[in-house]
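Residue-level listing of the chains:
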Amino acid sequence: MIWNLGSINLDNFYHLAHLPGPGETITADRFHQGLGGKGANMSVAAARAAAHVAHVGAVGADGKWAAERLLEYGVDVRHIALVQVPTGHANIHVDQQGENNIVLMGGANLMISEQIIGGALAEAGPGDFLLMQNETCGQAFAAQTAKTLGLRLAYAAAPFSADAVMALMDQIDLLVMNAVEAAQLQDATGQDISDLAVDDVVITLGAEGCRWVSNKGKTDQSFDAYSADPVDTTGAGDTFTGFLIAGLDRGLPMRDAIDLGMRAGALMVAREGTADVIPDLKEIQDHDFS
């Protein structure tokens with residue numbers, strides 16, 4: 001089972017001719033709102049990959065619909081608390097090439113108490129996964145609790161902070177980053193990825209594919225990306241991670257779990273939106289990637 005200490009955001013999408021520069025005011029061509037947040041995206045992806053995933057998080061009164069939608073997508077929402085601050089949100093600018101920039105407001109994601117986390121993990125068992133990102137509070141407490149209970153800790157280090165990663169380094173079993181984040185971590189630690197005190201590191205490389213460094217198994221392997229026609233890259237990395245962790249939770253070898261995540265990501269970039277358009281396992285199995 002997967003326990004995801006994760007953000008829940010209301011995603012506000014602004015579709016633009018180009019991404020704005022400093023001091024520039026431009027008019028959006030279209031707007032829509034959907035369910036998002038790296039945590040929510042990963043929970044939906046894991047659920048759609050046929051894993052049992054419980055989301056640990058918080059929303060304000062304006063975000064009750066977000067928890068309800070997670071439930072509709074197959075996520076266990078019993079440990080999502082209702083708090084007295086606005087739900088987190090993201091203002092997402094998407095240009096005509098599918099590239100984006102994002103402004104986040106943490107809101108309820110920063111009001112997750114140790115009581116909420118402890119109450120959820122009290123139901124966890126050895127071998128379960130605790131999945132975390134860097135959009136919530138309570139990570140140190142959750143990591144310590146999880147390791148005490150024999151859980152495997154997967155950390156998707158975004159939005160990236162080298163300090164946040166280094167604070168958890170000795171507890172992380174699987175670290176997921178993109179290439180920019182990996183370079184920043186190497187600069188901060190003065191260590192190569194292959195020298196980190198983490199069993200497995202997965203580095204996403206966008207159109208260049210993916211790299212897996214197993215410091216436990218002493219292997220370094222690259223994977224080519226599947227062809228895709230990008231429409232919107234928002235949420236593609238979260239989709240990859242959710243499917244990756246779901247595959248590992250179901251007992252797939254790392255290589256197969258990475259391949260599953262890459263297939264899901266290839267479908268995701270051809271879609272417009274975040275959690276609401278994440279593909280399910282059957283779509284991936286039925287799609288011809290040749």
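Let me sum up the structure you'll find in this document. (Residues numbered from 1 in each chain as written. Predicted model: local features only at pLDDT ≥ 70, side-chain atom pairs only at ≥ 80, totals over all residues. Heavy atoms only, no water.)

### A few points about the pattern of salt bridges
The condition is simple: Salt bridges are identified by distance alone: a Lys or Arg side-chain nitrogen within 4 Å of an Asp or Glu carboxyl oxygen. Here the term buried applies to any residue with accessible area under 20% of the maximum for its type, exposed to any over 50%, and partly exposed to those in between, with areas from a 1.4 Å probe on protein chains only. What counts as a helix is a DSSP run of H or I of at least four residues, what counts as a strand is a run of E of at least two, and both are numbered from the N terminus.
Per the counting criterion, the structure on display carries ten salt bridges. Across the pair arginine 78 and aspartate 76 runs a salt bridge, and its minimum N-O distance is 2.9 Å. Overall, arginine 78 belongs to the exposed group, its relative accessible area being 53%. Given a relative accessible area of 13%, aspartate 76 falls into the buried group. In this structure, lysine 282 engages aspartate 286 in a salt bridge whose closest nitrogen and oxygen atoms are separated by 2.5 Å. One end of the pair is lysine 282 and the other is aspartate 286, both in helix 9 (residues 281-286) and four residues apart, which spans about a single turn.

### Let's talk about helix 7 (residues 236-249)
Our working definition: For a helix, the expected span equals 1.5 Å multiplied by the residue count minus one.
The end-to-end C-alpha separation of helix 7 is 20 Å, in line with the 20 Å expected for 14 residues at 1.5 Å each. Helix 7 sits mainly inside the fold: 13 of its 14 residues count as buried. Looking one or two places after helix 7, you find glycine 251, whose phi comes out positive at around 95°.

### Section: the side chain of aspartate 128
For clarity, the threshold we go by: All tallies of charge rest on Lys and Arg as positive and Asp and Glu as negative; His and the ends of each chain are not included.
Of note, aspartate 128 is situated in the loop between helix 3 (114-121) and strand 8 (129-132). No salt bridge is formed by the buried aspartate 128. Its closest oppositely charged neighbour is arginine 152, at 6.6 Å.

### Regarding the packing of helix 3 against helix 4 (residues 139-148)
Packed helices, taken two at a time, are described by the angle between their axes plus the distance between the axes. The following threshold applies: Axis definition: a line fit to C-alpha positions, over the contact stretch in the case of helices; interaxial angles, taken between N-to-C directions, run 0 to 180 degrees. What sets the label is the angle itself: under 35 degrees gives roughly parallel, over 145 gives roughly antiparallel, 65 to 115 gives roughly perpendicular, and the rest give oblique. What makes a crossing left-handed is the near helix being turned counterclockwise from the far one by less than a right angle; a clockwise turn instead makes it right-handed. The contact rule is simple, with two residues in contact once any of their heavy atoms fall within 4.5 Å. The residue classification treats Ala, Val, Leu, Ile, Met, Phe, Trp, Tyr, Cys and Pro as nonpolar and Asp, Glu, Lys and Arg as charged. All others, Gly included, are polar.
For the pair helix 3 and helix 4, interaxial distance at closest approach is 10 Å and the crossing angle is 25°. Judged by the inter-axis angle, helix 3 sits roughly parallel to helix 4. When the axes of helix 3 and helix 4 are compared, the crossing they make is right-handed. Along its contact with helix 3, which presents Glu114, Ile117, Gly118 and Leu121, the element helix 4 presents Phe141, Ala142, Thr145 and Ala146. Considered class by class, the residues forming the contact of helix 3 with helix 4 number five nonpolar, two polar and one charged.

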